[in-house]
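Each chain is listed here by its residues.
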Amino acid sequence: MDKKLLASFVLLLSFGFVPTAWAQKAVDSEGHQWWQHAVFYEIYPRSFADSNNDGVGDLSGITSKLDYLKQLGVDAIWITPCFPSPQVDFGYDVSDYENIDPMYGTLKDFDRLASEASKRGIRIILDFVMNHTSDKHPWFLDSRSSKSAAHRNWYLWRDGKGAGQPPNNWESTFGHSAWTLDPKTNQYYYHYFYPQQPDLNWRNPAVEKAMFDVTRWWYRRGVAGFRLDAVDTLFEDPDLRDNPVLAGTNKYGDPNMEDKYNKKLPEVHEVLQDLRRVADEHGAVLIGETWTDDIDELKQYYGEHSNELQMPMDFMFTEINKLSPPKFRKQIAAVDSAGGWPVFVISNHDIVRSYVRYGDGQHNDRIAKLMAGLYLTLRGTPIMYYGEEIGMTNNDATRQEEVKDPIGKIGWPEEKGRDGERTPMQWTDGPNAGFTSGKPWLPVPPTSTSHNVASELKNPNSILEFYKRLLALRHQSRTLLDGQYIPLNQDDPNVLSYLRKYKHEMVLVALNMSEEAHKVSFDLSGQGLVSPKSKLLLTTASEPRKDGALRELSLEPFEVYLAEILK
Ligand code: GLC
């Protein structure tokens, strides 16, 4: 190594900065696992990149965009279900767990994607749909064939209460009764989601064995972990007690109900512990789709002995739908002190895009950067949703006939479905945003001409460039990766600010969540600093900012300000 290079290397280390390659090791010298330092990126494969121009994205499309993802700063991609499926719930109805849907390619395409990703240091996470299969899965086809079928007990079959009456009052979360009568054997089967998604019977050890084997099969193929779909619905009350009915009706016109006997049953945790043992044999990570009502529920998903999910997602964070420093402060403090490693998301394929949820219609691009400045600088692992980095907006159907997502068809107009947040990735300002030269399966919104990868790469002030700079900083800063989270100015209603502290190194993050400029001052005497100085790392201020004293800082509306603290 030449002297100059060595000197800058030593300088970087002395400021708590680590080269990216170190951050990608499976376990670092301080015992951090790779997934604690990784940035995850969720890909909805139908909508990411279409290599054969049939209007639907595919695995080869994803492979062709790996360089983009690498440059962005992504370390792991979570691909939502790409297995053979009748696509009633766009892949969340799996008919073969150990193959690729021809619409997305072949196993060979998967292997090529995995090997190209690995060359770039990008890991692959698949989606494990555990609660249910498709009604076209061979297990269910056999199960429904007769009461004595080998797979009969792999699903939940019951007699009705009386003529035309399901076994109990449970409702599907996608509308109407959770029981469907199958004329073949004149019994009802249970489905928490669509009738085409029958629930597996997790009380049957054969089901557990078969499903665990699925994970082993993919681990051996190089998969680094799974995102576990709908984990809270695995078990049902064996006595099928009726759920308590609440006042009013839901968006499908059904009575409101507390899912007391068919959700979040304690047995879920035993399965997660067993699944974790299998994952540990392969050094894999388990990410949970964990919808929780409070922090205690979230804590349980880490497991009493950290023996369940390494990465349960905190969806309570996504439920703070306005730029409220007090609310974010409260939630961050709760998850930061929960004892596990926090996992932050701001959107996904089931949630209206963050660009719309937080945007005020006037400053949406600035607000998109503000949200990035928040969840990418917290202590924990962020999971991005494709398109967030370019400011993709929701593009909801305006007419019922256009809706593709069945919940939008059943629930229209109150429930428009999830098509709006699943539209094609916007690569260029050309036709169909460069996603396909065919007819895209969902329409591309008009904003694709301004918000797309090609245009934003050319604009230093774009959302994309901001994400890139922020992620590069995050990867190189031990303080941002591992530093403690220390909230500051806890009564400030407008500016959310905190320190990240690693050993003696500190980074200050200040986020002005209001549309007005605000002056802030920071008292860091608690950290033993009397007149600290700042060294700017990143800002969205329109005026150039100088390094210097931290006594009074004027933040522009919706500004993100990140600085290293010097003594
Ligand atoms: C999860 C998925 C959602 C799907 C449902 C049923 O909530 O995220 O998209 O419809 O499970 O599998």
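Above: the structure in question.
Residues numbered from 1 in each chain as written. Predicted model: local features only at pLDDT ≥ 70, side-chain atom pairs only at ≥ 80, totals over all residues. Heavy atoms only, no water.

Peer 1: What's the story with the overall build of the protein in this structure? I'm lost.
Peer 2: Along its length, the protein carries 17 helices and 21 strands. A compact globule built from 567 residues should have a C-alpha radius of gyration of about 24 Å, and the protein, at 24 Å, falls within 12% of that. Expressed as lengths along the three principal axes of its C-alpha atoms, the size of the protein is roughly 80 × 50 × 50 Å. Within the protein, the proportion of its 567 residues that are buried is 58%. Sequence separation of at least 24 residues holds for 68% of the intrachain contacts in the protein that already meet a minimum separation of 6. Within the protein, the 79 negative side-chain charges are centred at a point lying 5 Å from the centre of the 63 positive side-chain charges. (Helix = DSSP H or I, 4+ residues; strand = E, 2+ residues; numbered from the N terminus. Rg over C-alpha atoms; globule rule 2.2 N^0.38 Å. Buried < 20%, exposed > 50% of the residue type's maximum accessible area, 1.4 Å probe, protein only. Contact = heavy atoms within 4.5 Å. Lys, Arg positive; Asp, Glu negative; His and termini not counted. Charge placed at Lys NZ, Arg CZ, Asp CG, Glu CD.)

Peer 1: Help me understand the site of the ligand in this model?
Peer 2: For the ligand, the set of nearby residues contains 13 residues, the closest of which are Asp89, Asp229, Glu289, His349 and Asp350. Between the ligand and Asp350 there is a distance of 2.5 Å, counted from an oxygen atom to a side-chain nitrogen or oxygen. Within the complex, the protein chains bury 95% of what would otherwise be the 310 Å² of accessible surface of the ligand. In terms of residue class, the shell around the ligand is made up of 3 nonpolar, 3 polar and 7 charged. (Near = heavy atom within 4 Å. Polar contact = N/O pair within 3.5 Å; in protein donor to acceptor, adjacent residues only side chain to side chain. Areas by Shrake-Rupley, 256 points an atom, 1.4 Å probe, with all protein chains shown as cover. Nonpolar A, V, L, I, M, F, W, Y, C, P; charged D, E, K, R; others polar.)

Peer 1: What exactly am I supposed to notice about the pairing of strand S13 (residues 381–385) here?
Peer 2: When a strand is regular, its side chains alternate between the sheet's two faces. Extensive coverage of S13 is indicated by the burial of 5 of its 5 residues. Burial along S13 is two-sided: Thr381, Ile383 and Tyr385 facing one way and Pro382 and Met384 facing the other are all buried. Inspection of the sheet shows strand S1 (residues 40–43) paired to S13 by 3 bridges, in the parallel sense. Paired with Phe40 across the strands is Ile383, a residue of S13. Looking at chain direction, strand S12 (residues 343–345) and S13 are connected through 3 bridges and run parallel. By the bridge assignment, Val345 is partnered in S13 with Ile383. (Pairing = 2+ DSSP bridges.)

Peer 1: Whenever I open this one, the packing of helix H13 (residues 364–375) against helix H16 (residues 463–476) confuses me. Can you help?
Peer 2: Running from N to C, H13 and H16 cross one another at 15°; their axes reach a closest spacing of 10 Å. The orientation of H13 relative to H16 falls into the category roughly parallel. Between H13 and H16 lies a crossing of right-handed hand. Along its contact with H13, which presents Asp365, Ala368, Lys369, Ala372, Gly373 and Tyr375, the element H16 presents Ile463, Phe466, Tyr467 and Leu470. (Axes fitted to C-alpha atoms, helices over the stretch in contact; angles between N-to-C directions. Parallel < 35°, antiparallel > 145°, perpendicular 65-115°, else oblique. Left-handed = near helix turned anticlockwise from the far one by under 90°.)

Peer 1: Whenever I open this one, the packing of aromatic side chains confuses me. Can you help?
Peer 2: A ring pair, where both rings are aromatic, is described by two values, the distance of the centres and the angle of the planes. Counting across every chain of the model gives 32 aromatic pairs. Both rings, one in Tyr192 and one in Phe193, keep their centres 5.0 Å apart while their planes meet at 80°; by these two values the pair is edge-to-face. Summarising the burial analysis for this pair, Tyr192 and Phe193 share the class buried. Among the aromatic side chains, those forming a connected cluster through ring pairs are Tyr41, Phe48, Tyr68, Tyr385, Tyr386 and Trp427. Note that Lys65 overlies the ring of Trp427, its terminal NZ or CZ placed 4.1 Å from the centroid. In this structure, Lys416 packs its charged tip against the face of Trp412, placed 5.4 Å from the ring centre. (Phe/Tyr/Trp six-rings, centres within 6.5 Å; stacked < 30°, edge-to-face > 60°. Lys NZ or Arg CZ within 6 Å of the ring centre and 35° of its normal.)

Peer 1: I tried to follow the sheet that holds strand S10 (residues 285–288) on my own but got confused; where do I start?
Peer 2: Hydrogen bonds along the backbone pair up the strands of a sheet, which may run parallel or antiparallel. Taken in spatial order, the 8 strands make up an open sheet running S11-S10-S7-S3-S2-S1-S13-S12, and their pairing is parallel. Edge positions in the sheet fall to strand S11 (311–312) and S12, since each of these pairs with one other strand and no more. Relative to S11, S10 is paired through 2 bridges, and the arrangement is parallel. Bridge assignment links Gly288 to a residue of S11, and that residue is Pro312.

Peer 1: Just to check I follow, could you spell out helix H8 (residues 205–220) for this structure?
Peer 2: The periodicity of an α-helix, 3.6 residues per turn, causes residues three or four places apart in sequence to face the same way. Look at H8: 23 Å from first C-alpha to last across 16 residues, which is about the 22 Å you get at 1.5 Å a residue. Turning to H8, its buried residues number three or more, namely Val207, Glu208, Ala210, Met211, Phe212, Val214, Thr215, Trp218 and Tyr219. As for H8, its buried residues are in contact with helix H6 (107–119), strand S3 (123–129), helix H7 (138–145), strand S7 (225–229), helix H9 (267–281) and S10. Sitting at the head of H8, Asn204 places a side-chain oxygen 2.9 Å from the backbone nitrogen of Ala206. Positive backbone phi, approximately 105°, marks Gly222, located one or two places after H8. (Expected span 1.5 Å × (residues − 1).)

Peer 1: Help me out: how do you make sense of the pattern of salt bridges in this one?
Peer 2: Oppositely charged side chains may form a pair once their charged atoms are brought near each other. Evaluation of the coordinates by the stated rule reveals 33 salt bridges. Between Arg221 and Asp111 there is a salt bridge; the shortest N-O distance is 2.9 Å. Here Asp111 lies in helix H6 and Arg221 lies in the loop between H8 and S7, a separation of 110 residues in the sequence. A relative accessible area of 27% means that Arg221 is categorised as partly exposed. Put simply, Lys251 and Glu415 hold a salt bridge, and the shortest N to O gap is 2.6 Å. Highlighted residues: Lys251 in the loop between strand S8 (245–249) and strand S9 (255–257) and Glu415 in the loop between helix H14 (406–411) and helix H15 (453–458), separated in sequence by 164 residues. On the basis of relative accessibility, which here comes to 37%, the residue Lys251 falls in the partly exposed class. We classify Glu415 as buried; its relative accessible area is 11%. One network of salt bridges, with partners in common, ties together Asp89, Asp350, Asp405, Arg418 and Arg422. (Salt bridge = Lys/Arg side-chain N within 4 Å of Asp/Glu carboxyl O.)

All we've got here are geometric facts, nothing functional implied.
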